[in-house]
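Remarks on the overall topology
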Amino acid sequence: MTDIMNADVTVRPATPEDQPAVERLWLMFRHDLSEFGGPLPAADGTFRSERVTSAFTGPGWAPYLLSCGERPAGFAFVRGLDGPVRVLNSFFVVRGARRRGVGLRAVREVLTRHPGPWEIAFQQDNPAAVRFWQRVAEDLAGDAWTREPRSVPGRPELPPDVWISFTVAG
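Below, the structure is looked at part by part. These numbers come from a predicted model, not from an experiment.

1. A closer look at the sheet that holds strand β3 (residues 71–79)
In any sheet, the strands associate via hydrogen bonds between backbone groups, in a parallel or an antiparallel arrangement. Ordered by their spatial adjacency, seven strands build an open sheet running β1-β2-β3-β4-β5-β7-β6, and the pairing between neighbours is mixed. Each having just a single partner strand, β1 (9–13) and β6 (145–150) make up the two edges of the open sheet. Between one strand axis and the next, the sheet turns through 25° on average, direction left out of account. Sheet topology places β6 next to strand β7 (residues 161–168); six bridges connect them, and they run antiparallel. Considered in β7, the bridge of Trp 145 is made with Phe 166.

2. Focus: helix α4 (residues 127–141)
Over its 15 residues, α4 extends 21 Å from the first C-alpha to the last, a length consistent with the 21 Å expected when each residue adds 1.5 Å. Those residues of α4 lying buried are Ala 129, Val 130, Trp 133, Val 136, Ala 137 and Ala 141. All buried residues of α4 fall inside an arc of 135° around its axis, so they share one side. Those residues of α4 that are exposed and angled more than 90 degrees off the buried face are Arg 131 and Arg 135. The elements touched by buried residues of α4 are β4 (86–93), α3 (102–112), β5 (116–123), β6 and β7. Gly 142 lies just past α4 and shows a positive phi near 65°.

Quick notes on the rules
- Residues numbered from 1 in each chain as written.
- Predicted model: local features only at pLDDT ≥ 70, side-chain atom pairs only at ≥ 80, totals over all residues.
- Heavy atoms only, no water.
- Pairing = 2+ DSSP bridges.
- Helix = DSSP H or I, 4+ residues; strand = E, 2+ residues; numbered from the N terminus.
- Axes fitted to C-alpha atoms, helices over the stretch in contact; angles between N-to-C directions.
- Expected span 1.5 Å × (residues − 1).
- Buried < 20%, exposed > 50% of the residue type's maximum accessible area, 1.4 Å probe, protein only.
- Arc of directions from axis to C-beta.
- Contact = heavy atoms within 4.5 Å.

Printed below as a string of C-alpha cells:
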C-alpha cells in the first residue's frame, strides 16, 4: 500500500489512454457531489459525462490526471484556455488521498501551468470545499481574490454556486 504522505504527487496532462480511468474517477466525483443536491445516477448507474468528453476533445480544454506514486488519485479539467479567463471546471481527489496536502499540491501545479486570471466554482453547502478553495485562493493570491455567488445556469431550483476569482502569476 502506498504511503500517501510520502508519495510523490504528480500532475500530468491526461492522454486518450487515460480516459477510461478518468471516467471511473468521474463516477466517484459525481457520487460525492450528489450529497450536495446533485442528481442521482441514471438507470445504468452512471452520471452525465459530457464534461469528460469536453475535457478530452473540446477546444480550449485540458484534462489532467493526478497520481500518488503509481496510483490515480484524481483529475482536474481546465477550460477557457482559448479565452481571457481560465476556469477550473472540475477538480477531484479520491477520499483516501484527502486532507494530506495532495489536493493543494495538485491544484497549485495545474493552476501555475496556466498563469493568468482564474475562476473556480464550488457549492456553499460543502464545508470541506469552502475551506479548501479559500485556502487555495489565499495560497496563490494572498488577499487579491474575490468571492461571488452566481446562479447555476438553467438550474433555478439549485442554490447559487460560489465562484472565487484570482490571478496566478507567471
